[in-house]
Each structure stands twice: as C-alpha cells, then as structure tokens.
Amino acid sequence: MLFKEKVIYQIYPKSFKDTTGNGVGDLNGIIEKLPYLAELGVEMVWLNPIFPSPQKDNGYDIKDYMAIDPLFGTMADFENLIAQAKDLGIEIMLDMVLNHVSTEHPWFQKALAGDKRYQDYFILRDEPTDWVSKFGGSAWAPFGQSGKYYLHLYDKTQADLNWRNPEVREALFEVVKFWQAKGVKGFRFDVINVIGKDEVLKDNDQFDGKPEYTDRPITHTYLKEMNQATYGNDPEIITVGEMSFTTVENCILYTQPERHELTMTFNFHHLKVDYENGQKWTDAPFDFEQLKSLFHEWGTQMSEQTGWNAWFWNNHDQPRALNRFVEVEQYREAGATMLASAIHLNRGTPYIYMGEEIGMIDPTYHSIHDYVDIESHNAYQALLAQGLTPAAAFAIIQKKSRDNARIPMQWDTSANAGFTTGTPWLASDQQAETINVAAEKHGGKIFPYYQKLIALRKNYPVIAQGTYEAFVPEHPQVYGFIRRYENQSLLVVNNFYAAETLVELPAEFVAGDVLITNTELTEVTQKLTLQPYQTVALLVEH
Ligand code: GLC
C-alpha cells in the first residue's frame, strides 16, 4: 500500500509563517513555504485546527466546523493551498475535533437556551461523577441555571458531544464529507478514543476516571460507522486517530485493515517515560528501559497482528524531544538524527513536527507570563496550590509546557526568526540566532539527514513494509531492531547515550551495506563501537 511510503509533516498554523504582520501564522504563509516542504520530501501535511474558534484551547475549541477562521485566511485561501500543494505532490490532512465543541458553538448555545433537541447533543447529568478534567479540576460544569451539569473532559469551554445520539453522528459525518469534497486527503481525529461514553456514567477514582470513557467497545462501532459513511469510499485517504491512555490491543483493533476503522493511531506511552509516577508536571530523567520495552512491545505486536503505528517524537502538545532524550548542548545534531532514525526506519508512519528537521529546542522563557497555553497556566496554579515555590513551579512549566513546541518556526536570523514582521502571538526565542532554516541549509546536518530518510523509505520496501523484531533488548544503551521484507533485511542500532558503547552484530549483518548513519563509520566489524548518539542501519539483500 502506497500510504506506507509517505512521511507526514505537522504544521502548527499559528506559528509557521505569518504573511499579514498580525503575529499569527496563516494559510498564505503555508502556501509560501510549500517548496520548502517539497524539498524536504514530505507528501502529506497535517494542519492543527484552522476552523473558527474562540481559541481558548488554540483551535481545539471549534465553533464552526465548516469554515476557516479569519485568523488564518479564507476558504479561497484554503482551496488555493490544496491546489498548490497538490502540484508539488503534497496532500493536506485536517484535524477533526469531533469529541467536543466550543461552548460558543450554536449547538451548545441552542441547548443552553432550552432547545431539547440540542440538549441531547451533549452529556448532561443531574449529578456529576468524580472524573477529573484532563486540564485539571472537575470534568463537569454547571449547565446554565438548569441545575444540571455538562461533561467536559478538557477545558470547560470544550463541551463533550453525545455520540450516542445518531443525529450527532450524522452531523459530524457531514463535516468529514464537507472537507473530503474540498480535496482533503487526510484526517487526524482528535482524542477519538474517548467518544464512546457509557449510557450510565459511574464514579471511578482510578486514573481520574479515564477507564470509564476510554477505548470503550462502542468506540470501534462508531469508527466503523464513520469509515463507512465518509472516508471509507476513498482508498487514497489516510486517517490517524489520536488515542489517549490507550492499549496496544485496542490500537491493533483500530488499525487492522480488514476492520475498516482507521489507518493508524498515535499513542503516547513512549512520551511518558520521563513522568515521575505517571505524573506529567514533574521533572525526572527519562527511563530508557521503559522506552525500549514500549517500542519493542508496540513494534512486535503491531507487526504480528497487522496493526499500524504512527510514530512521532514531537508534536504541538510535547516539549521538544531533544531536550528530553539528548544532552542537547553538546550533541544536538547527533541526537536529532539518531532520534529520527529510530522512528523513520521503524515499522509505522513517521511524523515530523515543524522545526524538528532543523533541530529546534525548547525556548528559554523567563516568566509564567511568557506562556499562553491554558494547560500550562492551570498546572502552574495547581503546583503553587500543592505548596511549591513559584520558582520550583516555574521550573516544571519550563520543562513541560506545550508552548515549548508552539514557539514560532525559525526561518532565519531576521526579527522574530523571520516568522512575522509584527509581534508574534507567542514570543520567539534567542536560539533562532543559530538554529534556523537558512543556517541549516548552509552546512547543517539535520535537514539533509531527514531528506535522506524520507527518500530511503520510498526506495527500500523493507522500510515501508518490513516486519519488526526486537534486537539486543537487554542492551543498556542501545535501542535496536530488525526489519525484514522479501529478500531485504535491515538492522538498526541507536545509541541513546552520550557515551560510546559496543554492540555485537549478528553474523548476517556484518557483511551488510551501511544504508545510513549519522557519524563517521570506517568499517563494519562484528563488535561494532557506536559513538555518542550514533545510529547505524545495515542492509542485507539475500
Ligand atoms: C488533543 C490535542 C490537544 C487538545 C486536546 C483537546 O490532545 O492534541 O492540543 O488540547 O486534544 O482537544
């Protein structure tokens, strides 16, 4: 299947390129940079939500599903983007936020005004359960003066929709069809594994109540129904479900091709290995053993049972992987390229988050007021309430804030990193003086390495199609795996540490060709020394 050869690039539209000077990125900015994306070699671009929204959660609070937020441009700009991207061999993936709407959406407004039909679009109860919102506090808020409560798994301005109501499903499928008709070829479904709530909602003090509404069997039924009603009719369409707090068993079910649910799933387990006791708002080093075993568990099981992973190190909700997994001051380039190999040569579809291909890192902000993200502000207050000093609370925000990834894309060394001529909505960072596209194009190592990985995927079916086996799972420093497809076998070894290490190669690979490495390698020997953050891929054709 062709989709397996594609690499997907994620753009956070607010922060990519501003062409109007209002400090917010826009669709024309994306159009302007299409040749850059084509040069990189990506074939699909995922845009975070661009629909009209009060922007309480940066567009994940939608008030009109079938229009473009004037902040980003017009429908004509969007149609132009689709057409111009297509000319360069790039398709567009949109972000569908179908679990909830903004409380400013007409559906919620009509419900509040007393319209019974629209009240059944939401999840209203006389008594709240003990569930905790993912952004902190109770997951329930008073529904006007009615004495009832409405469910909001995220911010209180994001009201969960009642998927049990067939009219709601029908209305949401119309949304997907609307964008399909515009030529959209990819859909990313936001938090789609929490759409299936039970009829009777129960208290559960485990994991903030998540088991009560996550990956419920009915979710699979809804996805099948959506597939059949919408994208299932177009084999070119790629879908990816964002799965929070999920299991490999469920992700296999979501993605086995014969089940006709989704093409692939995002899970987040590998990005929680630096959480202390499972808590995000902590500061702990990453646990390599856990990271490695998660990769092996997901890699092996998905491979054996024909599921399909979406792999990523960065997105708009995560601090930069370079700051989490690499001694970045000394090893930024080696670390960035090693991390890239670990997922681009893996079994699954790799995603690149804007700026990753030039090795962008977390900003150095000095005050909580520099942050915009609603989740960061809630967390800061919660940390203070727990008794942390402002300095200690701020240090955690600096490490964990989602704004780490949302800073403006760094194009060059001009004002605001070449992102805007105005004042950026979120401050650009001093790192742009050295880390930017223009500098990277003149002698940087990361961008050309990504180009090469993307090209290899198209030329070597073992990368796109091969099976997955764990290699040296006990190694204290190396994450290794073997891929096999027809007459090709590929061995990939990645040193996750700043110290050199030795790895013993299986005889079959000693005579292999070096397909790609990020550090000088003169000779492949059975006992291979890997330099700090070195990655080596060896190919054998039988
Ligand atoms: C997803 C999005 C995140 C958003 C949340 C609620 O996790 O990636 O940015 O805040 O859903 O829609």
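Conventions we followed
Residues numbered from 1 in each chain as written. Predicted model: local features only at pLDDT ≥ 70, side-chain atom pairs only at ≥ 80, totals over all residues. Heavy atoms only, no water. Helix = DSSP H or I, 4+ residues; strand = E, 2+ residues; numbered from the N terminus. Expected span 1.5 Å × (residues − 1). Bend = angle between axes of the 7 residues up to and from the residue. Buried < 20%, exposed > 50% of the residue type's maximum accessible area, 1.4 Å probe, protein only. Salt bridge = Lys/Arg side-chain N within 4 Å of Asp/Glu carboxyl O. Domains from an automatic or database assignment. Polar contact = N/O pair within 3.5 Å; in protein donor to acceptor, adjacent residues only side chain to side chain. Nonpolar A, V, L, I, M, F, W, Y, C, P; charged D, E, K, R; others polar. Near = heavy atom within 4 Å. Areas by Shrake-Rupley, 256 points an atom, 1.4 Å probe, with all protein chains shown as cover. Pairing = 2+ DSSP bridges. Axes fitted to C-alpha atoms, helices over the stretch in contact; angles between N-to-C directions. Parallel < 35°, antiparallel > 145°, perpendicular 65-115°, else oblique. Left-handed = near helix turned anticlockwise from the far one by under 90°. Contact = heavy atoms within 4.5 Å.

Chemist: Please explain helix H11 (residues 328–344) as it appears in this structure.
Modeler: Within an α-helix, residues lying three or four positions from one another point in the same direction, as the helix has 3.6 residues per turn. The end-to-end C-alpha separation of H11 is 20 Å, well short of the 24 Å expected for 17 residues at 1.5 Å each. Of all the bends in H11, the largest measures some 45° and sits at Ala334. In terms of burial, H11 is largely enclosed, as 14 of its 17 residues are buried.

Chemist: What am I meant to see in the pattern of salt bridges here?
Modeler: A side chain with one charge may pair with a side chain of the opposite charge, provided their charged atoms come close. Summed over the entire model, instances satisfying the criterion amount to 33 salt bridges. Notably, a salt bridge pairs Glu242 with Arg188, separated by 3.2 Å at the nearest N-O pair. With Glu242 in strand E10 (residues 238–242) and Arg188 in strand E9 (residues 186–189), the pair connects residues that are 54 residues apart, well separated along the chain. In terms of burial, Glu242 and Arg188 fall into one category: buried. Via salt bridges that share partners, Asp57, Lys280, Asp317, Asp373, Glu375, Arg402 and Arg406 belong to a single interconnected network.

Chemist: Where do I start with the domain arrangement of the protein in this structure?
Modeler: For an interface, size is often stated in terms of accessible area lost upon the parts coming together. Domain boundaries in the protein define domain 1 (2–106 + 157–455), domain 2 (107–151) and domain 3 (466–541). Spacing between the C-alpha centres of domain 1 and domain 2 amounts to 27 Å. Counting every contact that joins domain 1 to domain 2 gives 1 salt bridge. Here Glu167 ties to Arg117 by a salt bridge, and the two come within 2.7 Å at their closest N and O atoms. Scanning the region where domain 1 abuts domain 2 turns up 20 residue pairs in polar contact (both at pLDDT 80 or more). Of all the elements, helix H6 (residues 166–181) adds the most residues to the side of domain 1 that touches domain 2, at 4 residues. When grouped by side-chain class, the residues that make up the side of domain 1 that touches domain 2 number 12 nonpolar, 10 polar and 15 charged.

Chemist: What exactly am I supposed to notice about the site of the ligand here?
Modeler: Around the ligand, the surrounding shell holds 14 residues, and the nearest of these are Asp57, His100, Asp190, His316 and Asp317. His100 places a polar side-chain atom, nitrogen or oxygen, 2.9 Å from an oxygen atom of the ligand. For the ligand, an oxygen atom lies 3.1 Å from a polar atom in the side chain of Arg188. Considering the ligand on its own, with 300 Å² of exposed area, one finds that the protein chains cover 95% of that surface. Per-class residue counts for the shell around the ligand are 4 nonpolar, 3 polar and 7 charged.

Chemist: In this structure, what is going on with the sheet that holds strand E5 (residues 124–125)? I would like to understand it.
Modeler: Hydrogen bonds along the backbone pair up the strands of a sheet, which may run parallel or antiparallel. With respect to topology, 3 strands assemble into an open sheet ordered E5-E7-E6, the strand pairing being antiparallel. Edge positions in the sheet fall to E5 and strand E6 (140–142), since each has one partner strand and no second. Here E5 runs beside strand E7 (residues 149–151); their pairing, made up of 2 bridges, is antiparallel. Residue pairing for E7: Leu124 is matched across the bridge by Tyr150.

Chemist: Help me out: how do you make sense of the packing of helix H7 (residues 217–229) against helix H8 (residues 248–255) in this one?
Modeler: Each pair of packed helices gets described by two things: the angle between the helix axes and the distance between those axes. Direction vectors running N to C along H7 and H8 enclose 20°, while the axes themselves pass 10 Å from each other. When the interaxial angle is binned, H7 and H8 end up roughly parallel. The handedness of the crossing between H7 and H8 is right-handed. Residues Thr219, His220 and Leu223 of H7 form the contact with H8, whose own contacting residues are Asn250, Leu253 and Tyr254.

Chemist: Teacher, can you tell me more about the packing of H11 against helix H16 (residues 446–459) here?
Modeler: One way to put it is that H11 packs onto H16 with a least axis distance of 10 Å and a crossing angle of 15°. Here H16 runs roughly parallel to H11, going by the angle between their axes. In the crossing of H11 with H16, the sense of the turn from one axis to the other is right-handed. Residues Arg332, Glu333, Ala336, Thr337, Ala340, Ser341 and His344 of H11 form the contact with H16, whose own contacting residues are Ile446, Tyr449, Tyr450, Leu453 and Arg457. For the contact of H11 with H16, a count of residues per class yields 6 nonpolar, 3 polar and 3 charged.

Chemist: Is there a simple way to explain the environment of Asn378 in this structure?
Modeler: Following the sequence through the fold, Asn378 ends up in helix H12 (residues 374–385). With relative accessibility at 33%, the residue Asn378 sits in the partly exposed group. Sequence-wise, Asn378 and Gly136 are 242 residues apart; in three dimensions their C-alpha atoms are separated by 6.8 Å.

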